[in-house]
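Below, each chain spelled out in residue letters.
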Amino acid sequence: MTINDNIRKLRLQKRMTQEELGECLGISGQAVSKWEQGITSPDILLLPVLAGCFGVTIDSLFANEISRRYPGYGGERGELLASYEESGLEKDFQKAEEALGEVILHEKATTEDYFNYGLLYQIRFHKDSDIALCYYRKGIEHGNQNRDLFWMAAHQQITNLLESMGRLEEAIAEHKKWRDTEPDCAWAHVSYSNALSRAGHLEEAYAEAMEAFRLDANDCNVLTNAGDLCSKMGKYEEAIFYWDKSYACDSSQISCLFSKAEMFASTGQTEEAIRQFEEILIWLNTHGYNMELEGAHPRQRICELREQLS
């Protein structure tokens, strides 16, 4: 089957006359007639628009079989989306993205197309998130003997990711199980505290943070988590105590500096917040970071805060 035959078949499926198709493309109905007779073929520059008019991919215009066309999907684009949802394969994502992207680019999209385009990326997000969870858990399993900072970070990222997926209760249960299995592990209490805090269970989270501090009063993860939680609860002086102690224990951990700066900003201590962000810039420069990249956010916050003072 040639492109000429496919044009006719697709036009009839759309219940369009040659004149209506020509109007869609900005050409005459007679030109469409010549295509369908095989006398001429469409200009290559018209192919994206032509595919958009029919709601198919450019490749489909040349295919032996235009589409599987299961009626329940309402068209090829819906079927391609369903195929990706089922398989999760990158090649199927690309096919659906191309088909939907073409009609959107050429302003031929329906409301359903816009909805499906958003759904396509939402499906990809969840599939990619499941892959990320798998590798975080593999990292935890692999690093279970040494238990370095990356091992701990993997636990924290699991909470972050599950929260973004609307599965925070799963994170709470997972970290509670770890805490119950290793009640003398400070990091287990920190992870459980963080998950509880994300869910708004602040008093329970605080109790876990304090138990972690009792078990290891000099660990930067324990101290920074306690500071962040205290700030969230409005215990600002206590928060500063934990952040300052965290930085004193390990000056390579800059997250506590950012937390303190934002706490000052949120409580109206603007000048102190500016000073803190300036210290962050000095830290980044001293430790050899790319100041154009890493310094962009602190500089922006300093400008915003100075505007508040003016």
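Residues numbered from 1 in each chain as written. Predicted model: local features only at pLDDT ≥ 70, side-chain atom pairs only at ≥ 80, totals over all residues. Heavy atoms only, no water.

Caption draft 1: Structural context of the environment of Leu10. In this structure, Leu10 sits in helix α1 (residues 3-13). On the basis of relative accessible area, Leu10 is assigned to the buried category, the value being 2%. (Helix = DSSP H or I, 4+ residues; strand = E, 2+ residues; numbered from the N terminus. Buried < 20%, exposed > 50% of the residue type's maximum accessible area, 1.4 Å probe, protein only.)

Caption draft 2: Structural view of the side chain of Lys260. Along the polypeptide, Lys260 turns up in helix α15 (residues 255-266). Beyond its immediate sequence surroundings of up to four residues, Lys260 is in contact with Ile240, Trp243, Asp244 and Gln276. (Contact = heavy atoms within 4.5 Å.)

Caption draft 3: Structural detail: the pattern of salt bridges. Enumeration according to the criterion identifies 21 salt bridges in this entry. Here Arg77 and Asp113 are joined by a salt bridge, their closest N and O atoms 2.6 Å apart. Here the residue Arg77 occupies a position in helix α6 (residues 76-87), and Asp113 occupies one in helix α8 (residues 111-142), the gap between them amounting to 36 residues. When its relative accessible area of 3% is taken as the criterion, Asp113 is described as buried. If you follow the salt bridges from partner to partner, you end up with Asp130, Arg137, Arg167, Glu170 and Glu174 in one network. (Salt bridge = Lys/Arg side-chain N within 4 Å of Asp/Glu carboxyl O.)

Caption draft 4: The arrangement of the environment of Ser87 in detail. Along the chain, the position of Ser87 falls in helix α6. Sequence separation of Ser87 and Leu293 is 206 residues, and the distance between their C-alpha atoms is 38 Å. There is a polar contact of 2.6 Å between the side chain of Ser87 and the side chain of Asp92. (Polar contact = N/O pair within 3.5 Å; in protein donor to acceptor, adjacent residues only side chain to side chain.)

Caption draft 5: How the structure looks around the packing of aromatic side chains. Counted under the stated rule, the structure contains nine aromatic pairs. Grouped by ring-pair contacts, the aromatic residues Tyr84, Phe93, Tyr117 and Tyr121 constitute a single cluster. When the ring centre of Phe93 is taken as reference, the NZ or CZ atom of Arg124 above it lies at 3.9 Å. Lying over the aromatic face of Tyr206, Lys235 brings its terminal NZ or CZ to 5.0 Å of the ring centre. (Phe/Tyr/Trp six-rings, centres within 6.5 Å; stacked < 30°, edge-to-face > 60°. Lys NZ or Arg CZ within 6 Å of the ring centre and 35° of its normal.)

None of the figures reported here should be taken as evidence of function without further support.
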